[in-house]
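For reference, the chains in residue letters:
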Amino acid sequence: MRLNKFISESGFCSRREADRLIAEGRVTVNDLRGRVGSEVGEGDEVRVDGQSLRARTVAKGQKQHVYIALNKPVGVVCTTESSVKENIVDFVGHERRIFPIGRLDKDSEGLILLTSNGDIVNEILRAENKLEKEYLVAVNHEVTPEFLRAMARGVPIHGQTTLPCRTGKLGRFGFRIVLVQGLNRQIRLMAAYFKFRVKQLVRVRIGNVKLGRLKIGQWRNLTDAELRGLLPQRTDW
């Protein structure tokens, strides 16, 4: 098994994060420094920052990992770094080591998924999956049909033009937008291109998972149907 896969399956972090830890020299295998891409076998001792990791075992028919939906408040930061104040891991305070799937910027609120399964993070975030993410947005100027059409066509940010998306008006100063991208601060930068400032941004849906009546700051476990909807081809949870 690849070293990064072993680390992620232990529930310590995602594969991507594991590769970073390995590259920084923080991972050892049998007291020797681990290498990116190296393999580990049965009986090998893997440590991260001196902490020994163990492959997770579960009873037949039970999920190996946890999958939760959180209604993130404004101010919570989507990072696993414990040194960052108001980091999302400490905010949730789960008994298992979990990490966010994707991100929702500090100034935004709403639905974000977290898991202890490092493999599923990259599977869900793959661009080709084009997983829809729906947001409700309040801005400082009156929303016009021309603004919504321009947003939907695509906007130049981060040196590229955003993919076409769906938009709809919500009252005088609000709109709904459905994206299949996850560029950093995408909606805020798209709106700013037209001299609009986002005053409130709430994510209400990721794929088939809806925020629903989940109150700000609360979280719940994903249902089996929601997991199957996110990754229909996966059978190992």
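For the structure itself, consult the block above.
Rules used throughout
Residues numbered from 1 in each chain as written. Predicted model: local features only at pLDDT ≥ 70, side-chain atom pairs only at ≥ 80, totals over all residues. Heavy atoms only, no water. Helix = DSSP H or I, 4+ residues; strand = E, 2+ residues; numbered from the N terminus. Buried < 20%, exposed > 50% of the residue type's maximum accessible area, 1.4 Å probe, protein only. Contact = heavy atoms within 4.5 Å. Areas by Shrake-Rupley, 256 points an atom, 1.4 Å probe, with all protein chains shown as cover. Lys, Arg positive; Asp, Glu negative; His and termini not counted. Charge placed at Lys NZ, Arg CZ, Asp CG, Glu CD. Phe/Tyr/Trp six-rings, centres within 6.5 Å; stacked < 30°, edge-to-face > 60°. Core = buried A, V, L, I, M, F, W, Y, C linked by side-chain atoms within 4.5 Å. Salt bridge = Lys/Arg side-chain N within 4 Å of Asp/Glu carboxyl O. Polar contact = N/O pair within 3.5 Å; in protein donor to acceptor, adjacent residues only side chain to side chain. Pairing = 2+ DSSP bridges.

Engineer: Quick question: what am I supposed to make of the overall build of the chain here?
Structural biologist: Per the secondary structure count, the chain includes 7 helices and 15 strands. Along the first, second and third principal axes, the C-alpha atoms of the chain reach 65 × 40 × 35 Å. Relative to its 237 residues, the chain shows a buried fraction of 45%. Sequence-distant contacts, at least 24 apart, represent 62% of the contacts inside the chain between residues at least 6 apart. In the form shown here, the chain has an accessible surface area of approximately 12800 Å², with 48% of it arising from carbon and sulfur atoms. The centroid of the 41 positive side-chain charges in the chain is displaced by 8 Å from the centroid of its 27 negative side-chain charges.

Engineer: When you look at the packing of aromatic side chains in this model, what are you seeing that I'm missing?
Structural biologist: Aromatic ring pairs are described here by two measures, namely the spacing of the ring centres and the angle between the planes. Applying the stated criterion across every chain, the model contains 4 aromatic pairs. On the basis of an interplanar angle of 20° and a centroid distance of 4.1 Å, the ring pair of Phe147 and Phe196 is categorised as stacked. In this pair, Phe147 is assigned in helix α5 (residues 145-153) and Phe196 in the loop between α6 (186-193) and β13 (198-206), connecting sequence segments 49 residues apart. Phe196 matches Phe147 in its accessibility class, with the two residues each being buried. Of the aromatic side chains, those joined through ring pairs into one cluster are Phe147, Phe175, Tyr193, Phe194 and Phe196.

Engineer: What should I look at first to understand the nonpolar core in this one?
Structural biologist: Taken as a class, soluble globular proteins show a tendency for nonpolar side chains to be buried jointly. Judged by nonpolar contacts, the single largest core of 35 residues is most densely connected at Leu3, Ile7, Val27, Val46, Leu113 and Leu222. Beyond its immediate sequence surroundings of up to four residues, Leu3 is in contact with Ile22, Val27, Val29, Gly34, Arg35, Ser38, Glu39, Val40 and Val46. Val66, Leu70, Leu104 and Leu114 belong to the second largest nonpolar core, which has 30 residues in total.

Engineer: For this particular structure, what's the right way to read the pattern of salt bridges?
Structural biologist: Oppositely charged side chains can pair when the atoms bearing their charge come close. Throughout the structure, instances matching the rule amount to 18 salt bridges. The salt bridge involving Arg205 is made with Glu132; its shortest N-O contact spans 2.9 Å. Of the two residues, Arg205 sits in strand β13 while Glu132 sits in the loop between α4 (118-125) and β8 (133-139), which places them 73 residues apart along the sequence. Since its relative accessible area comes to 13%, Arg205 is described here as buried.

Engineer: Looking at this model, I keep getting lost on the side chain of Asp105. Mind explaining?
Structural biologist: Along the chain, Asp105 falls in the loop between β6 (99-101) and β7 (109-115). Within the structure, Asp105 has its side chain in polar contact with the side chain of Arg188 (distance 3.4 Å).

Engineer: Sorry, what's going on with the environment of Asp49 here?
Structural biologist: Along the polypeptide, Asp49 turns up in the loop between β3 (46-48) and β4 (51-53). For Asp49 and Gly37, which are 12 residues apart along the polypeptide, the C-alpha to C-alpha distance reads 19 Å.

Engineer: Is there a simple way to explain the sheet that holds strand β1 (residues 27-29) in this structure?
Structural biologist: The strands making up a sheet associate through hydrogen bonds between their backbones, and the pairing can be parallel or antiparallel. Read from one edge of the open sheet, 4 strands run β2-β1-β3-β4, paired in antiparallel fashion. Across the chains shown, the open sheet's two edge strands, defined by having one partner strand only, are β2 (32-33) and β4. Inspection of the sheet shows β1 paired to β3 by 3 bridges, in the antiparallel sense. From the neighbouring strand, Thr28 faces β3, where its bridge partner is Arg47.

Engineer: How do you make sense of the pairing of β7 when you look at a structure like this?
Structural biologist: Side-chain positions along a regular strand alternate between the two faces of the sheet. Where burial is concerned, most of β7 is hidden: 7 out of the 7 residues are buried. Pairing of β6 with β7, which is carried by 3 bridges, proceeds in the antiparallel orientation. Note on β7: the bridge partner recorded for Ile101 is Leu113. For β7 and β13, the ladder comprises 2 bridges, and the chain directions are parallel. When the sheet's bridge partners are listed, Glu109 is paired in β13 with Val202.

Engineer: Sorry if this is basic, but what is going on with the environment of Leu3 here?
Structural biologist: As for its placement among the helices and strands, Leu3 is situated in helix α1 (residues 3-9). Judged by relative accessible area, which is 1%, Leu3 ranks as buried. Expressed as a C-alpha distance, the spacing of Leu3 and Thr28, which sit 25 residues apart in the sequence, is 9.9 Å.

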